[in-house]
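This is what each chain is made of:
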Amino acid sequence: MDILQHLKNNILYLDGGMGTLLQAQGLSAGELPERWNLSHPDVITNIHKQYFNAGSNVVNTNTFGANSLKFSADELDAIIGAAIKNARQAAAESTGEQPKWIALDIGPTGRMLAPYGDLDFEDAVSVFAQTVRLGVKHGVDLVMIETMSDNYETRAALLAAKENSNLPVFVSCAFGEDGKLMTGADPAAMVAMLEGMGADAIGINCSFGPRKLMNVIEEYLKNASIPVIFKPNAGLPTVKEGRTVYDLSPDNFATDMADAVSLGVRAVGGCCGTTPEYITALVEKTKDVKPQPITKKNITCVSSYTHAVAFDKEPILIGERINPTGKKRFKEALKAGDMDYILREGIAQAEAGVHILDVNVGLPEIDEVAMLQNAVCRLQEVTDLPLQVDTSDPVAMEAALRRYNGKAMINSVNGKMESMEKVFPLVKKYGGLVVALTLDESGIPTRAEERVAIAERILKAAAEYGIDKKDIIFDPLALTVSADGTAAHQTLRAVSIIKNKLGCHTSLGVSNVSFGLPQRDIINSTFFALALAKGLSAAIMNPYSAEMMKTYHAFRALDGQDENCAAYIDFASKLPQTTTVSTPTQEVTIPNTEGSELQKAVIRGLHDRAATLASKELKSRAPLDVVQNDIIPALDVVGDGFEKKTVYLPQLLMAAEAAKAAFEEVKANLPAAANNGVCVVLATVKGDIHDIGKNIVKLLLENYGFAVYDLGRDVSPEKVVHEVVRLHAPIVGLSALMTTTVPAMEETIRVLRTAAPWCKIVVGGAVLTAEYAATIGADKYAKDAMETVRYAETFLS
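Cut-offs used in this document
Residues numbered from 1 in each chain as written. Predicted model: local features only at pLDDT ≥ 70, side-chain atom pairs only at ≥ 80, totals over all residues. Heavy atoms only, no water. Core = buried A, V, L, I, M, F, W, Y, C linked by side-chain atoms within 4.5 Å. Buried < 20%, exposed > 50% of the residue type's maximum accessible area, 1.4 Å probe, protein only. Helix = DSSP H or I, 4+ residues; strand = E, 2+ residues; numbered from the N terminus. Contact = heavy atoms within 4.5 Å. Pairing = 2+ DSSP bridges. Phe/Tyr/Trp six-rings, centres within 6.5 Å; stacked < 30°, edge-to-face > 60°. Lys NZ or Arg CZ within 6 Å of the ring centre and 35° of its normal. Disulfide = S-S within 2.5 Å. Right-handed = clockwise from strand over helix to strand, strands pointing away. Salt bridge = Lys/Arg side-chain N within 4 Å of Asp/Glu carboxyl O. Axes fitted to C-alpha atoms, helices over the stretch in contact; angles between N-to-C directions. Parallel < 35°, antiparallel > 145°, perpendicular 65-115°, else oblique. Left-handed = near helix turned anticlockwise from the far one by under 90°. Nonpolar A, V, L, I, M, F, W, Y, C, P; charged D, E, K, R; others polar. pLDDT = per-residue confidence, 0-100. 1 Å grid on protein atoms, 1.4 Å probe; cavity = no way out; pocket = protein on both sides within 12 Å on 5 of 7 lines; lining within 4 Å. Points joined across faces, edges and corners; volume = space filled by probe spheres on them.

## Quick look at the nonpolar core
Part 1: With 213 residues, the main nonpolar core has Ile 145 and Tyr 220 as its most contacted residues.
Part 2: When residues in this core are grouped by element, the largest group, eleven residues, is from helix α25 (residues 649–666).
Part 3: Excluding residues within four positions of it along the chain, Tyr 220 makes contact with Cys 173, Phe 175, Pro 187, Met 190, Val 191, Ile 202, Gly 203, Ile 204 and Val 228.

## Quick word on the sheet that holds strand β6 (residues 201–205)
Part 1: Read from one edge to the other, the open sheet built from eight strands follows the order β1-β10-β7-β6-β5-β4-β3-β2, with strand pairing classed as parallel. If you trace the sheet from one side to the other, it starts and ends with β1 (12–13) and β2 (58–60), each paired once.
Part 2: Two strands pair when backbone bridges link them, and strand β4 (residues 142–148) and strand β5 (residues 169–173) are joined in this way by four bridges, in the parallel orientation. When the sheet's bridge partners are listed, Ile 145 is paired in β5 with Val 171.

## Quick word on the packing of aromatic side chains
Part 1: In the structure shown here, the tally under the stated rule is six aromatic pairs.
Part 2: Here the aromatic rings of Phe 121 and Tyr 152 are separated by 4.7 Å at their centres, their planes lie at 20 degrees, and the arrangement is stacked. One end of the pair, Phe 121, is in helix α6 (residues 121–137); the other, Tyr 152, is in helix α7 (residues 151–164), with 31 residues separating them in the sequence.
Part 3: With relative accessibility at 7%, the residue Tyr 152 sits in the buried group.
Part 4: Geometry around Phe 208 places Lys 212 over its ring, the cationic atom sitting 4.5 Å from the centre.
Part 5: Here the guanidinium or amino end of Lys 645 rests over the ring plane of Phe 642, the centre of that ring lying 5.7 Å away.

## Describing the state of the cysteines
Part 1: If you walk through the whole model with that rule in mind, you get zero disulfides.
Part 2: Between Cys 272, a free cysteine, and Cys 206, which holds the nearest cysteine sulfur, the sulfur-to-sulfur gap is 3.8 Å.
Part 3: We classify Cys 272 as buried; its relative accessible area is 14%.

## Overview of the pairing of β5
For a regular strand, side-chain orientation follows a simple rule: the groups alternate between the two sheet faces.
Part 1: Of all five residues in β5, five are buried; the element is thus mostly enclosed.
Part 2: In β5, alternate side chains face the same way, and those of Val 169, Val 171 and Cys 173 on one face and Phe 170 and Ser 172 on the other are all buried.
Part 3: Bridge count between β5 and β6: four bridges; the pairing is parallel. If you follow Ser 172 over to β6, its bridge partner there is Gly 203.
Part 4: The parallel pair β5 and β6 is bridged by helix α8 (residues 187–197), and the resulting crossover is right-handed.

## Thoughts on the pattern of salt bridges
Part 1: All told, the structure shown has 51 salt bridges when counted by the stated rule.
Part 2: Ionic pairing is found between Glu 284 and Lys 287, a salt bridge with its closest N-O pair at 3.0 Å.
Part 3: Taking the relative accessible area as the measure of exposure, Glu 284 reaches 48% and is therefore partly exposed.
Part 4: Residue Lys 287 is classed as partly exposed on the basis of its relative accessible area, which comes to 48%.
Part 5: Close ionic contact of Asp 710 with Lys 694 constitutes a salt bridge, the shortest N to O distance being 2.9 Å. A residue pair is termed long-range when its members are at least 10 positions apart, and Asp 710 in strand β24 (residues 707–710) and Lys 694 in helix α26 (residues 692–703) qualify at 16 residues.
Part 6: Asp 710 gets classed as partly exposed once you look at its relative accessible area, which sits at 29%.
Part 7: A single network of salt bridges, built from pairs that share partners, joins Asp 636, Asp 640, Glu 643, Arg 790 and Glu 793.

## Description of the packing of α7 against α8
Part 1: The interhelical angle for the contact between α7 and α8, taken along N-to-C directions, is 15 degrees, at an axis separation of 10 Å. The orientation of α7 with respect to α8, classified from their angle, is roughly parallel. Classified by chirality, the crossing of α8 by α7 is right-handed. Of the residues in α8, those touching α7 at Asn 151, Thr 154, Arg 155, Leu 158, Leu 159 and Lys 162 are Met 190, Met 193, Leu 194 and Met 197.
Part 2: The residue inventory of the contact of α7 with α8, partitioned by class, reads six nonpolar, two polar and two charged.

## Focus: the confidence of the model for the protein chain
Part 1: Of the residues in the protein chain, 96% reach a pLDDT of 70 or more, and the chain-wide mean stands at 93.
Part 2: Scored below 50 in pLDDT, residues 578–593 makes 31 contacts in the model with residues more than four places away or belonging to other chains.
Part 3: Overall, residues 671–675 carries pLDDT values under 50, and its contacts beyond four positions in sequence, including any with other chains, amount to six contacts.

## Things to note about empty space enclosed by the protein
Part 1: A full pass over the atoms with the stated rule returns two cavities of 30 Å³ or more.
Part 2: Taken as a whole, the largest cavity spans an internal volume of roughly 50 Å³.
Part 3: Together, Thr 63, Phe 64, Gly 65, Ala 66, Asn 67, Ile 106, Gly 107, Phe 128 and Thr 131 line the largest cavity.
Part 4: Partitioned by chemical class, the residues of the lining of the largest cavity number four nonpolar, five polar and no charged.
Part 5: Put simply, the second largest cavity is a space of about 40 Å³.
Part 6: Along the walls of the second largest cavity sit Gln 23, Pro 237, Thr 244, Tyr 246, Thr 739, Val 742, Val 767 and Tyr 772, which together make up its complete lining.
Part 7: Grouping the constituent residues of the lining of the second largest cavity by class yields five nonpolar, three polar and no charged.

## Re the layout of surface pockets
Part 1: A volume near 860 Å³ is recorded for the second largest pocket.
Part 2: Of all the elements in the fold, those that place two or more residues in the lining of the second largest pocket are β16 (409–414), α19 (520–533) and β20 (538–541).
Part 3: Top element by residues in the lining of the second largest pocket is α19. It accounts for three residues.
Part 4: Classifying every residue of the lining of the second largest pocket by side-chain character gives nine nonpolar, 13 polar and eight charged.

Here it is, written out as structure tokens:
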């Protein structure tokens, strides 16, 4: 039976944990579990068979860390082949009569993707692609991408799976206590991106027990139109009599999971700490629970790497200023490759209140393909707003969409057959909300009804590509009233008909209506108000226009979208208290803000600008003064925001990179940074190649002036001890991602206590808790990088 067909009417039972069972069978600290497919096939087969006997429909191969970064090509081929063979044998030998499938298990690479790390997006795609191709070669039934904490890496893995197989692809992510991924994505953002890219089932695994993740599951169920997966841990880990145990019993775990199934979860299993006994209890507890129907949510949205923007009742503002049309200074910046100018324009519009940024860099004198891709990537480094990829070049469009971190808005397609044939395949492959212009081979119709007819044809053609109407937003085209007095009326009629007859959303380039007229803001803002009253969903507009922003806030208040008129009051209260400043494109009015220009550049993550401003400051100020009164305070602002969950990891890392660029300018005059008398040794423990967390800690500590000695990953206890003793380091930081490598962390702590009793030990990693860290002898558990920095600062005296 086809697994997707089975999912339509049945609960799909997945397996449980593998690592803790392998440890019980003798897997030693630091040993790679994937190699047991070859060296201990009987053990692996028996574990799989136990899960099938417990009632699992799907068993994951023992390949979580099997990739080309860890193994040679020949060994990787042998491991994946053996892993699938072991699972197949287990299915054949098991007593269960339920339908059975083998999933190729793919975990994260352990490397952070650029710009936050050193692994290029396309290199990540290639790593995952090699694993997928081997899975296909050896006859796996589906691909299971799991335990992902970085949405960009998740995108790379899903893209690799879709490009290199025709198999069903399930994607599961690991969310933190704040209900977000490590890189800041909330559930709605992940659903938008993964569903848009064509994942067959999506959900969450690892992190915590089922009860603590129920809020995340509820958000998935609220937003997803495809089956939702749930594979939590057996609660929280502790150490008892030298063994790692979890605090939820099989029965309690199954009871909580039954609640999730009742809410609508369709695929269930377990992660760390769960065993075949947990799956037996889960199957027993849910066997009589009727699956909830999987319904289309019909949510029209786009997303960034942190959040989704839904086109619902409230109008959406799309900033129009990253566009060379009619902008001499912007054209000069594009020709000169002045990316800093473009980034500042994006930041200024975000601060002005737009929800989405339009990105158009089309000039005949430049390489639009390279520039558009670069602009999209660089803008996502400094703002978390979703982007609208605006180009008529399908090659440039694909280059930008491929690397876009989220679900982009795509501008545009139209009713011409040639346009639809080029754009719709890209929308289907990469996901996106596409703007459809109501024009065709005959041009732009004068009457609203003719534009609506084109819209209907576009919907029909999109459906043939598998694109739902929720992923199409129509632009019925605002034409200038100076040339045709009825133009605005016909556009407004088209907005109304498309909304009420077709049930689709609309967007307009508002300022086109006033072309050729004086005092254009008067016309634009009035037309904007009329369009909003007709049901306009979004407007590409100038957020620096006070009149346009007045109309927007006034309409929301008058239409009942602004509770207690709070946003309007806040907006109005700032109007008399503003200062005119020069922005990248024109004189605009923005609220007064605190901090030096260098501090602002660091906070906003403007790498090049921070370096330039630091160099300028050093001409008149002492290096230590720049460090202590500009760079460190800026890092503190971002760090405080990160701790309060108002700033997310990518923003923190880009601010750290900007600070690093500023530090480079002061090095000649300040060879030793302010705090680097205190050294910190960092290492990812033996057997663990996942060093993302460690690298983030390193970057932040260095920016706060500490001397960091990074020993890398897969580091033996002996090497850690040697360096700590050699340096007489007061602090050591140890990282582990997997349950199978926690014993290596415990062993490292044990030998450090004997050889370096003065050294304080900080630990971190996805499988740890404060209680667990204490039981293995650590002095401090740091839940994130900033907590490590704050702990290290206590040693400065």
